[in-house]
Amino acid sequence: MRKLIIAGNWKMNKGLGETRSFLQAVVPQLNKLDLGRVIPLVAPAYPFLTEALREAFASPLMVSAQDVSERNDGAYTGEVSAPMLASLGLKYCIIGHSERRQYHCETDASVNQRLFKLLDQGLVPIVCIGETLAQRDAGDTEKVVLSQLEGGLKDLKLESGTEIIIAYEPVWAIGTGRTATPQQAQEVHAIIRKWIGETYGQSVAQNLSILYGGSVKPDNIKELLECSDIDGGLIGGASLKENDFLAMINTAIGLT
Ligand code: PGA
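Conventions adopted
Residues numbered from 1 in each chain as written. Predicted model: local features only at pLDDT ≥ 70, side-chain atom pairs only at ≥ 80, totals over all residues. Heavy atoms only, no water. Helix = DSSP H or I, 4+ residues; strand = E, 2+ residues; numbered from the N terminus. Rg over C-alpha atoms; globule rule 2.2 N^0.38 Å. Buried < 20%, exposed > 50% of the residue type's maximum accessible area, 1.4 Å probe, protein only. Contact = heavy atoms within 4.5 Å. Lys, Arg positive; Asp, Glu negative; His and termini not counted. Charge placed at Lys NZ, Arg CZ, Asp CG, Glu CD. Expected span 1.5 Å × (residues − 1). Pairing = 2+ DSSP bridges. Right-handed = clockwise from strand over helix to strand, strands pointing away. Axes fitted to C-alpha atoms, helices over the stretch in contact; angles between N-to-C directions. Salt bridge = Lys/Arg side-chain N within 4 Å of Asp/Glu carboxyl O. Near = heavy atom within 4 Å. Polar contact = N/O pair within 3.5 Å; in protein donor to acceptor, adjacent residues only side chain to side chain. Areas by Shrake-Rupley, 256 points an atom, 1.4 Å probe, with all protein chains shown as cover. Nonpolar A, V, L, I, M, F, W, Y, C, P; charged D, E, K, R; others polar.

A look at the overall build of the chain
Of the regular secondary structure elements, the chain holds 11 helices and 8 strands. Its C-alpha atoms give the chain a radius of gyration of 17 Å, near enough to 18 Å, the size a compact globule of 256 residues would have. Along the longest, intermediate and shortest principal axes, the C-alpha atoms of the chain span 45 × 45 × 35 Å. Burial analysis of the chain (256 residues in total) assigns 54% to the buried set. Once local pairs closer than 6 in sequence are excluded, the contacts in the chain between residues at least 24 apart make up 73%. For the chain, the separation between the mean place of its 24 positive charges and that of its 30 negative charges on side chains is 2 Å.

Here's what the structure looks like:
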């Protein structure tokens, strides 16, 4: 059975004190739960990864970075590399988030470089893809998502399907309060899984977790997770509140 991942993408929110108080409230609660195949995960900003790893130590909570450099070292002021993330003991990193693509000119080619840098270091990339509203309205959703997969995963070999995670995040649903309906999300998740199956084989497609992201919250997560190809959520706004984050994890547990 695939892992069900409830991932909080904190974006540029929470400083040191807030990171600590969130985790000091949440980690003891997670320790009491029988999580089964549910994996809780948070992605704080770079400066607070060490603190998050310390607070989450020996708990089921996983910690992820939000981005990584496409290079390993050198004169690249402001960048953080995959070897640096690995040196912290980190296991996950988000790449290709639409905000990175929009504000930092990231492309499928640079997502692909990041992907290999992370895999070389033994980290699991959480690869974000998704169409804009104009692309959806033009009927291009499938074309856009498949070309992001082809570009982002170019030359990638997968053996088990657990080496990477994919997050489908329609850009028009991120931070807008406008969630894709479960039907809209499931339709695209099924297209993604079909492509993975055709490219890497059925066993990889059945093992690979595909998360949905875009205005997921405690009120709508259940109907999304009930869809057969949705294996968790990449959650921004609603992951910032301790109780909402825990509520979504409990909903996921209830469905396993
Ligand atoms: P949102 O963000 O839940 O606030 O829409 C999701 C994301 O961007 O990962």
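Remarks on helix α11 (residues 242–254)
Over its 13 residues, α11 extends 18 Å from the first C-alpha to the last, a length consistent with the 18 Å expected when each residue adds 1.5 Å. Taken as a whole, α11 has its buried residues at F245, L246, M248, I249, T251, A252 and I253. Where α11 is buried, its residues contact β1 (4–9), α1 (16–32), β2 (38–43), α10 (221–225) and β8 (232–235).

Focus on the pairing of strand β3 (residues 62–65)
As defined by bridge partners, β2 adjoins β3 across 2 bridges and the pair is classed as parallel. Its bridge partner lying in β3, L41 is registered against M62. For the segment spanning β2, helix α2 (residues 49–56) and β3, crossover handedness is right-handed. Taken together, the 2 bridges between β3 and strand β4 (residues 92–95) define a ladder with parallel strand orientation. Each bridged residue has a counterpart across the sheet, and for A65 the counterpart in β4 is C93. After leaving β3, the chain enters helix α3 (residues 82–88) and then returns to the sheet as β4, a path that is right-handed.

What to know about the sheet that holds β3
Taken together, the 8 strands give a closed barrel; going around it, the order is β1-β2-β3-β4-β5-β6-β7-β8, and neighbouring strands pair in parallel fashion. Strand-to-strand twist across the sheet, computed as the mean angle between neighbouring axes with direction ignored, equals 25°. Bridge count for β4 against strand β5 (residues 124–129) is 4 bridges, and the pairing is parallel. Within β5, the residue paired with C93 across the bridge is P125.

What about the pattern of salt bridges?
Summed over all chains, the structure comprises 18 salt bridges. Between K194 and E198 there is a salt bridge; the shortest N-O distance is 3.2 Å. A residue pair is termed a helical-turn pair when its members lie 3 or 4 positions apart in one helix, as K194 and E198 do in helix α8 (residues 182–200) at 4 residues. Taken together, the shared-partner salt bridges connect D67, E70, R100, E106 and R114 into one network.

Looking at the site of the ligand
The environment of the ligand is formed by 13 residues, the closest being K11, H97, E169, G175 and S215. Taking H97, its side chain carries an N or O atom lying 2.7 Å from an oxygen atom of the ligand. Taking E169, its side chain carries an N or O atom lying 2.7 Å from an oxygen atom of the ligand. In isolation the ligand exposes 280 Å². Once the protein is present, 94% of that is buried. Of the residues in the shell around the ligand, the class split is 4 nonpolar, 7 polar and 2 charged.

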